[in-house]
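Summary of structural features
Listed below, chain by chain, are the residues.
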Amino acid sequence: MTSMSRARVARRIAAGAAYGGGGIGLAGAAVAGLLLAEAQLARRHVNGNGSPPRVPQADGLYGRNFTAPGVEALRLTLLGDSTAAGQGVHRSGQTPGALLASGLAAVAERPVKLRNVALPGAQSDDLDRQVGLVLGNTGRVPDVCVIMIGANDVTRRMPPTRSVRHLAAAVRRLRTAGAEVVVGTCPDLGTIEPVGQPLRWLARRASRQLAAAQTIGVVEQGGRTVSLGDLLGPEFEANPRELFGPDHYHPSAEGYATAAMAVLPTVCAALGLWPAEEERPDASRREGFLPVARAAAEAASEAGTEVTAAMPTGPRGPWALLKRRRRRRVAEPETVTASPGGRSGC
(Lines give C-alpha, C1' and ligand atoms only; values in the text may rest on other atoms or scores of the structure.)
Protein backbone atom coordinates (compact mmCIF):
# COMPACT_ATOMS: atom_id res chain seq x y z
CA MET A 1 0.00 0.00 0.00
CA THR A 2 1.39 3.42 -0.98
CA SER A 3 1.83 6.26 1.48
CA MET A 4 -1.00 8.23 -0.15
CA SER A 5 -3.36 5.24 -0.04
CA ARG A 6 -2.51 4.65 3.61
CA ALA A 7 -3.14 8.33 4.31
CA ARG A 8 -6.64 8.11 2.77
CA VAL A 9 -7.50 4.98 4.78
CA ALA A 10 -6.15 6.51 7.98
CA ARG A 11 -8.14 9.69 7.38
CA ARG A 12 -11.36 7.68 6.93
CA ILE A 13 -10.73 5.66 10.09
CA ALA A 14 -9.95 8.77 12.13
CA ALA A 15 -13.03 10.54 10.78
CA GLY A 16 -15.16 7.54 11.68
CA ALA A 17 -13.72 7.56 15.18
CA ALA A 18 -14.42 11.26 15.60
CA TYR A 19 -17.98 11.14 14.27
CA GLY A 20 -19.11 7.81 15.63
CA GLY A 21 -18.67 5.60 12.57
CA GLY A 22 -18.41 1.86 12.85
CA GLY A 23 -16.75 -0.54 10.49
CA ILE A 24 -15.50 -4.09 10.38
CA GLY A 25 -11.91 -5.00 11.11
CA LEU A 26 -8.84 -3.39 9.61
CA ALA A 27 -8.30 -6.29 7.21
CA GLY A 28 -11.97 -6.57 6.22
CA ALA A 29 -14.60 -9.17 6.97
CA ALA A 30 -13.20 -11.84 4.66
CA VAL A 31 -9.79 -11.99 6.31
CA ALA A 32 -10.73 -11.04 9.87
CA GLY A 33 -11.64 -14.64 10.74
CA LEU A 34 -8.30 -15.89 9.44
CA LEU A 35 -6.48 -13.17 11.35
CA LEU A 36 -8.21 -14.13 14.59
CA ALA A 37 -7.75 -17.89 14.13
CA GLU A 38 -4.03 -17.71 13.38
CA ALA A 39 -3.47 -15.11 16.10
CA GLN A 40 -5.09 -17.44 18.63
CA LEU A 41 -2.76 -20.24 17.55
CA ALA A 42 0.20 -17.90 17.94
CA ARG A 43 -1.04 -16.76 21.35
CA ARG A 44 -1.31 -20.37 22.55
CA HIS A 45 2.26 -20.89 21.41
CA VAL A 46 3.31 -17.80 23.36
CA ASN A 47 1.43 -18.59 26.55
CA GLY A 48 2.58 -22.19 26.68
CA ASN A 49 0.83 -23.84 29.61
CA GLY A 50 -1.74 -21.09 29.82
CA SER A 51 -0.42 -19.58 33.05
CA PRO A 52 -0.85 -15.80 33.31
CA PRO A 53 2.22 -13.79 32.31
CA ARG A 54 4.40 -12.31 35.03
CA VAL A 55 5.57 -8.76 34.49
CA PRO A 56 8.42 -7.29 36.58
CA GLN A 57 7.37 -4.49 38.90
CA ALA A 58 9.43 -1.41 38.03
CA ASP A 59 7.53 1.38 39.78
CA GLY A 60 9.74 3.59 41.90
CA LEU A 61 12.18 6.49 41.90
CA TYR A 62 14.97 6.71 39.31
CA GLY A 63 17.91 9.10 39.20
CA ARG A 64 18.27 9.25 42.96
CA ASN A 65 21.70 10.82 42.55
CA PHE A 66 19.93 13.95 41.26
CA THR A 67 17.88 14.29 44.44
CA ALA A 68 18.51 17.64 46.13
CA PRO A 69 16.58 20.12 48.29
CA GLY A 70 14.03 21.94 46.19
CA VAL A 71 14.37 19.54 43.23
CA GLU A 72 11.02 17.91 42.54
CA ALA A 73 10.88 14.57 40.77
CA LEU A 74 9.36 14.40 37.32
CA ARG A 75 6.43 12.00 37.10
CA LEU A 76 6.32 9.48 34.26
CA THR A 77 3.38 7.09 33.80
CA LEU A 78 3.05 4.24 31.31
CA LEU A 79 -0.30 2.96 30.03
CA GLY A 80 -1.25 0.33 27.48
CA ASP A 81 -0.72 -3.37 26.87
CA SER A 82 2.03 -5.95 27.39
CA THR A 83 4.57 -3.90 25.44
CA ALA A 84 4.15 -0.97 27.82
CA ALA A 85 4.12 -3.31 30.82
CA GLY A 86 7.34 -5.04 29.77
CA GLN A 87 6.14 -8.61 29.37
CA GLY A 88 8.86 -10.96 28.16
CA VAL A 89 11.73 -9.83 30.38
CA HIS A 90 12.63 -10.95 33.89
CA ARG A 91 14.18 -7.89 35.56
CA SER A 92 12.49 -4.59 36.33
CA GLY A 93 15.39 -2.65 34.86
CA GLN A 94 14.76 -4.25 31.46
CA THR A 95 11.19 -2.93 31.12
CA PRO A 96 10.49 0.06 28.88
CA GLY A 97 9.22 2.05 31.86
CA ALA A 98 12.48 1.64 33.76
CA LEU A 99 14.55 2.40 30.68
CA LEU A 100 12.57 5.54 29.90
CA ALA A 101 12.62 6.73 33.53
CA SER A 102 16.36 6.26 33.78
CA GLY A 103 17.00 7.98 30.45
CA LEU A 104 14.68 10.87 31.29
CA ALA A 105 16.41 11.36 34.65
CA ALA A 106 19.81 11.51 32.93
CA VAL A 107 18.65 14.11 30.37
CA ALA A 108 16.69 16.24 32.86
CA GLU A 109 19.23 15.79 35.68
CA ARG A 110 16.26 15.32 37.97
CA PRO A 111 14.85 12.26 39.70
CA VAL A 112 11.93 10.58 37.94
CA LYS A 113 9.07 8.80 39.66
CA LEU A 114 7.73 5.96 37.53
CA ARG A 115 4.25 4.48 37.67
CA ASN A 116 3.04 1.79 35.28
CA VAL A 117 -0.66 0.92 34.97
CA ALA A 118 -0.38 -1.02 31.68
CA LEU A 119 -2.03 -4.44 31.53
CA PRO A 120 -0.90 -7.39 29.39
CA GLY A 121 -3.66 -8.33 26.98
CA ALA A 122 -5.28 -4.89 27.13
CA GLN A 123 -7.11 -3.41 24.17
CA SER A 124 -7.76 0.27 23.61
CA ASP A 125 -11.10 0.10 25.42
CA ASP A 126 -9.16 -0.59 28.65
CA LEU A 127 -7.54 2.84 28.45
CA ASP A 128 -10.58 4.45 30.06
CA ARG A 129 -9.99 2.34 33.19
CA GLN A 130 -6.24 2.97 33.10
CA VAL A 131 -6.65 6.74 32.76
CA GLY A 132 -9.07 6.60 35.68
CA LEU A 133 -6.34 5.01 37.78
CA VAL A 134 -3.89 7.70 36.76
CA LEU A 135 -6.14 10.70 37.29
CA GLY A 136 -7.95 9.24 40.29
CA ASN A 137 -4.75 9.41 42.29
CA THR A 138 -4.82 12.20 44.85
CA GLY A 139 -1.20 13.03 44.02
CA ARG A 140 0.14 15.17 41.20
CA VAL A 141 -0.95 14.66 37.61
CA PRO A 142 1.93 13.01 35.70
CA ASP A 143 4.25 15.35 33.84
CA VAL A 144 4.24 12.95 30.90
CA CYS A 145 2.34 9.78 30.01
CA VAL A 146 3.55 7.20 27.49
CA ILE A 147 0.92 4.94 25.91
CA MET A 148 1.68 1.79 23.90
CA ILE A 149 -1.45 0.10 22.57
CA GLY A 150 -2.99 -1.44 19.46
CA ALA A 151 -1.59 -4.93 18.86
CA ASN A 152 -4.47 -6.69 20.64
CA ASP A 153 -6.99 -4.51 18.80
CA VAL A 154 -5.72 -6.00 15.54
CA THR A 155 -5.57 -9.64 16.65
CA ARG A 156 -8.97 -9.47 18.37
CA ARG A 157 -10.73 -7.66 15.54
CA MET A 158 -11.67 -4.44 17.30
CA PRO A 159 -13.01 -2.08 14.61
CA PRO A 160 -10.32 0.53 13.93
CA THR A 161 -12.72 3.43 14.40
CA ARG A 162 -13.54 2.16 17.89
CA SER A 163 -9.86 1.60 18.66
CA VAL A 164 -8.89 5.13 17.65
CA ARG A 165 -11.91 6.62 19.44
CA HIS A 166 -10.84 5.09 22.76
CA LEU A 167 -7.23 6.18 22.31
CA ALA A 168 -8.18 9.73 21.34
CA ALA A 169 -10.48 9.97 24.36
CA ALA A 170 -7.67 8.82 26.66
CA VAL A 171 -5.25 11.37 25.21
CA ARG A 172 -7.87 14.13 25.53
CA ARG A 173 -8.48 13.34 29.22
CA LEU A 174 -4.78 13.28 30.03
CA ARG A 175 -4.03 16.47 28.11
CA THR A 176 -6.99 18.25 29.71
CA ALA A 177 -5.61 17.27 33.12
CA GLY A 178 -2.28 18.85 32.20
CA ALA A 179 -0.10 15.86 31.25
CA GLU A 180 2.02 15.66 28.13
CA VAL A 181 1.21 12.51 26.13
CA VAL A 182 3.43 10.42 23.86
CA VAL A 183 1.94 7.40 22.09
CA GLY A 184 3.98 4.54 20.68
CA THR A 185 1.72 3.45 17.83
CA CYS A 186 0.72 -0.10 16.93
CA PRO A 187 3.76 -2.33 16.27
CA ASP A 188 4.25 -4.37 13.13
CA LEU A 189 2.62 -7.72 13.83
CA GLY A 190 3.90 -9.16 10.57
CA THR A 191 7.18 -10.22 12.18
CA ILE A 192 5.94 -12.44 15.02
CA GLU A 193 7.74 -15.76 14.61
CA PRO A 194 4.84 -18.15 15.44
CA VAL A 195 2.67 -16.42 12.83
CA GLY A 196 2.81 -17.76 9.27
CA GLN A 197 1.60 -16.56 5.90
CA PRO A 198 -0.79 -15.25 4.79
CA LEU A 199 -1.32 -13.68 8.21
CA ARG A 200 2.08 -11.99 8.21
CA TRP A 201 1.23 -9.82 5.21
CA LEU A 202 -2.28 -9.10 6.45
CA ALA A 203 -1.05 -8.31 9.95
CA ARG A 204 1.58 -5.90 8.63
CA ARG A 205 -0.99 -4.09 6.52
CA ALA A 206 -3.51 -3.90 9.37
CA SER A 207 -0.86 -2.77 11.85
CA ARG A 208 0.31 0.10 9.67
CA GLN A 209 -3.23 1.22 8.89
CA LEU A 210 -4.06 1.35 12.59
CA ALA A 211 -0.77 3.10 13.45
CA ALA A 212 -1.48 5.84 10.91
CA ALA A 213 -5.06 6.31 12.14
CA GLN A 214 -3.85 6.37 15.75
CA THR A 215 -1.44 9.15 14.84
CA ILE A 216 -4.21 11.32 13.41
CA GLY A 217 -6.41 10.79 16.47
CA VAL A 218 -3.59 11.49 18.94
CA VAL A 219 -2.22 14.58 17.20
CA GLU A 220 -5.70 16.09 16.94
CA GLN A 221 -5.99 15.80 20.74
CA GLY A 222 -2.65 17.50 21.39
CA GLY A 223 -0.45 14.44 21.86
CA ARG A 224 2.64 13.22 20.03
CA THR A 225 3.26 9.85 18.42
CA VAL A 226 6.32 7.75 17.71
CA SER A 227 6.16 4.92 15.20
CA LEU A 228 7.09 1.54 16.68
CA GLY A 229 6.16 -0.38 13.53
CA ASP A 230 9.59 -0.78 12.01
CA LEU A 231 11.28 -1.15 15.39
CA LEU A 232 9.28 -4.30 15.85
CA GLY A 233 9.68 -4.94 12.12
CA PRO A 234 12.86 -5.16 10.02
CA GLU A 235 15.23 -4.85 12.99
CA PHE A 236 13.38 -7.60 14.84
CA GLU A 237 12.97 -9.66 11.69
CA ALA A 238 16.68 -9.48 10.90
CA ASN A 239 17.72 -10.38 14.46
CA PRO A 240 14.89 -12.52 15.86
CA ARG A 241 17.06 -14.36 18.37
CA GLU A 242 18.47 -11.09 19.69
CA LEU A 243 15.48 -8.76 19.59
CA PHE A 244 12.63 -11.12 20.44
CA GLY A 245 12.20 -12.61 23.90
CA PRO A 246 12.08 -16.32 24.73
CA ASP A 247 8.41 -16.56 23.66
CA HIS A 248 9.28 -15.15 20.17
CA TYR A 249 6.33 -12.77 20.55
CA HIS A 250 7.32 -10.06 23.01
CA PRO A 251 10.54 -8.06 22.77
CA SER A 252 13.65 -9.12 24.65
CA ALA A 253 15.63 -6.74 26.86
CA GLU A 254 17.53 -5.57 23.76
CA GLY A 255 14.28 -5.08 21.89
CA TYR A 256 12.75 -2.97 24.65
CA ALA A 257 15.94 -0.90 24.81
CA THR A 258 15.67 -0.26 21.07
CA ALA A 259 12.07 0.91 21.46
CA ALA A 260 12.90 3.05 24.51
CA MET A 261 15.71 4.80 22.62
CA ALA A 262 13.20 5.74 19.92
CA VAL A 263 10.57 7.07 22.34
CA LEU A 264 12.91 8.88 24.77
CA PRO A 265 13.74 11.88 22.53
CA THR A 266 10.05 12.61 22.01
CA VAL A 267 9.35 12.32 25.75
CA CYS A 268 12.15 14.78 26.40
CA ALA A 269 10.95 17.13 23.64
CA ALA A 270 7.42 17.09 25.07
CA LEU A 271 8.87 18.31 28.37
CA GLY A 272 11.05 20.97 26.74
CA LEU A 273 14.26 19.11 27.53
CA TRP A 274 15.59 18.45 24.02
CA PRO A 275 18.13 20.83 22.45
CA ALA A 276 16.36 23.82 20.90
CA GLU A 277 18.26 23.52 17.62
CA GLU A 278 16.82 20.04 17.11
CA GLU A 279 13.24 21.32 17.34
CA ARG A 280 13.54 22.92 13.90
CA PRO A 281 12.81 20.59 10.97
CA ASP A 282 15.94 19.31 9.25
CA ALA A 283 15.48 18.92 5.50
CA SER A 284 18.50 16.59 5.30
CA ARG A 285 16.57 14.11 7.47
CA ARG A 286 13.40 14.58 5.39
CA GLU A 287 11.64 16.41 8.20
CA GLY A 288 9.00 19.04 7.66
CA PHE A 289 5.39 20.18 7.82
CA LEU A 290 2.81 17.95 6.15
CA PRO A 291 -0.96 17.42 6.20
CA VAL A 292 -1.53 15.29 9.28
CA ALA A 293 -2.83 12.26 7.35
CA ARG A 294 0.22 12.22 5.08
CA ALA A 295 2.58 12.64 8.04
CA ALA A 296 0.78 9.78 9.81
CA ALA A 297 1.13 7.49 6.79
CA GLU A 298 4.83 8.23 6.39
CA ALA A 299 5.48 7.71 10.10
CA ALA A 300 3.75 4.33 10.06
CA SER A 301 6.35 3.11 7.57
CA GLU A 302 9.47 4.30 9.37
CA ALA A 303 10.56 3.45 12.91
CA GLY A 304 11.15 6.17 15.43
CA THR A 305 9.37 8.86 13.41
CA GLU A 306 7.62 11.48 15.52
CA VAL A 307 4.47 13.35 14.57
CA THR A 308 3.19 16.34 16.51
CA ALA A 309 0.62 19.05 15.83
CA ALA A 310 1.82 22.10 13.95
CA MET A 311 -0.29 24.68 12.17
CA PRO A 312 -3.94 24.44 13.23
CA THR A 313 -5.19 24.07 9.67
CA GLY A 314 -4.29 24.35 6.00
CA PRO A 315 -5.89 23.95 2.58
CA ARG A 316 -5.92 20.15 3.10
CA GLY A 317 -6.91 20.17 6.76
CA PRO A 318 -4.78 20.04 9.94
CA TRP A 319 -1.00 19.98 9.54
CA ALA A 320 1.68 18.26 11.57
CA LEU A 321 5.43 18.34 12.01
CA LEU A 322 7.19 15.11 11.08
CA LYS A 323 10.52 14.60 12.89
CA ARG A 324 13.16 11.88 12.65
CA ARG A 325 15.00 12.53 15.88
CA ARG A 326 18.49 11.25 16.54
CA ARG A 327 18.38 8.47 19.08
CA ARG A 328 20.53 8.63 22.19
CA ARG A 329 21.69 5.84 24.38
CA VAL A 330 19.40 4.99 27.29
CA ALA A 331 21.21 4.99 30.60
CA GLU A 332 21.45 1.70 32.44
CA PRO A 333 18.61 1.72 35.01
CA GLU A 334 19.61 1.69 38.63
CA THR A 335 18.23 -0.91 40.99
CA VAL A 336 14.77 0.09 42.20
CA THR A 337 13.17 -1.29 45.31
CA ALA A 338 9.66 -2.34 44.40
CA SER A 339 6.89 -4.37 45.91
CA PRO A 340 7.24 -8.14 45.39
CA GLY A 341 5.52 -9.87 42.49
CA GLY A 342 4.41 -8.41 39.21
CA ARG A 343 1.33 -7.57 37.22
CA SER A 344 -0.43 -10.30 35.35
CA GLY A 345 -3.11 -10.39 32.75
CA CYS A 346 -4.45 -12.36 29.84
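Residues numbered from 1 in each chain as written. Predicted model: local features only at pLDDT ≥ 70, side-chain atom pairs only at ≥ 80, totals over all residues. Heavy atoms only, no water.

1. Brief notes about the pattern of salt bridges
For the structure shown, the criterion picks out 14 salt bridges. Across the pair E298 and R294 runs a salt bridge whose closest N-O atoms are separated by 3.4 Å. Placement of both E298 and R294 in helix α12 (residues 292–300) is noted, with a separation of 4 residues, approximately one turn of the helix. Residue E298 is classed as partly exposed on the basis of its relative accessible area of 22%. You can call R294 partly exposed: its relative accessible area is 32%. (Salt bridge = Lys/Arg side-chain N within 4 Å of Asp/Glu carboxyl O. Helix = DSSP H or I, 4+ residues; strand = E, 2+ residues; numbered from the N terminus. Buried < 20%, exposed > 50% of the residue type's maximum accessible area, 1.4 Å probe, protein only.)

2. Side note on the environment of G63
Assignment of secondary structure puts G63 in the loop between β2 (60–62) and β3 (74–80). Note on G63: relative accessible area 4%, which makes it buried.

3. Topic: the sheet that holds β3
Taken in spatial order, the 9 strands line up as β2-β4-β3-β5-β6-β7-β9-β10-β8 in an open sheet, and their pairing is mixed. The open sheet is flanked by β2 and β8 (288–291), the only strands paired with a single partner. The sheet shows a mean angle of 25° between the axes of neighbouring strands, taken without regard to direction. Bridge count for β2 against strand β4 (residues 112–116) is 3 bridges, and the pairing is antiparallel. Pairing of G60 across the sheet is with L114, part of β4. Strand contacts of α12: β8, β9 (306–309) and β10 (319–323), with the helix running at about 110° to β8, the strand carrying the most contacts. (Pairing = 2+ DSSP bridges. Axes fitted to C-alpha atoms, helices over the stretch in contact; angles between N-to-C directions. Contact = heavy atoms within 4.5 Å.)

4. Quick look at the nonpolar core
Counting 36 residues, the largest nonpolar core has L76, L100, L104, V146, V182 and V263 as the members making the most contacts within it. No other element matches helix α11 (residues 253–270), which puts 10 residues into this core. Excluding residues that lie within four positions of it along the chain, L104 makes contacts with L74, E109, V112, V144, L264, V267, C268, L271 and L273. (Core = buried A, V, L, I, M, F, W, Y, C linked by side-chain atoms within 4.5 Å.)

5. A few points about the pairing of strand β5 (residues 144–148)
Among the 5 residues in β5, 5 count as buried, and that is most of the element. Side chains V144, V146 and M148 project from β5 onto one buried face, and the interleaved C145 and I147 project onto a second face that is buried too. Bridging between β3 and β5 involves 5 bridges; their strand directions are parallel. By the bridge assignment for β5, L79 is matched with I147. Alignment of β5 against strand β6 (residues 180–184), held across 5 bridges, turns out to be parallel. Bridging from a neighbouring strand, V144 pairs with E180 of β6.

6. A look at the packing of helix α5 (residues 127–135) against helix α7 (residues 160–177)
To characterise two packed helices, one gives the angle between the axes of the helices and the distance between these axes. For the pair α5 and α7, interaxial distance at closest approach is 9 Å and the crossing angle is 15°. Judged by the inter-axis angle, α5 sits roughly parallel to α7. As for how α5 packs across α7, the hand of that crossing is right-handed. Across the interface between the two elements, L127, D128, V131, G132, V134 and L135 from α5 touch H166, L167, A170, R173, L174 and A177 from α7. The residue inventory of the contact of α5 with α7, partitioned by class, reads 8 nonpolar, 2 polar and 2 charged. (Parallel < 35°, antiparallel > 145°, perpendicular 65-115°, else oblique. Left-handed = near helix turned anticlockwise from the far one by under 90°. Nonpolar A, V, L, I, M, F, W, Y, C, P; charged D, E, K, R; others polar.)

7. Remarks on α7
In a regular helix each residue adds 1.5 Å, so 18 residues correspond to 26 Å; α7 covers 26 Å between its end C-alpha atoms and thus fits that length. Residues P160, T161, S163, V164, L167, A168, A170, V171 and L174 constitute the buried set of α7. (Expected span 1.5 Å × (residues − 1).)

8. Observations concerning the confidence of the model for the protein chain
Per-residue confidence for the protein chain gives a mean pLDDT of 77; residues scoring 70 or more make up 66%. Ignoring residues within four places in sequence, the model shows residues 45–51, a span with pLDDT below 50, making 5 contacts including any to other chains. (pLDDT = per-residue confidence, 0-100.)

9. Points about unusual backbone geometry
With a phi angle near 55°, E109 is a residue other than glycine that sits in the positive phi range. One non-glycine residue, R286, lies in the positive phi region at around 60°. Here R286 shows up in the loop between α11 and β8.

10. A word on the side chain of D153
Checked against the element boundaries, D153 lands in helix α6 (residues 151–155). No salt bridge is formed by the buried D153. Its closest oppositely charged neighbour is R156, at 7.6 Å. In this structure the side chain of D153 is engaged in a polar contact, spanning 2.5 Å, whose partner is the side chain of S163. Setting aside residues up to four positions removed in sequence, D153 forms contacts with Q123, S124, M158, S163 and L210. (Lys, Arg positive; Asp, Glu negative; His and termini not counted. Polar contact = N/O pair within 3.5 Å; in protein donor to acceptor, adjacent residues only side chain to side chain.)

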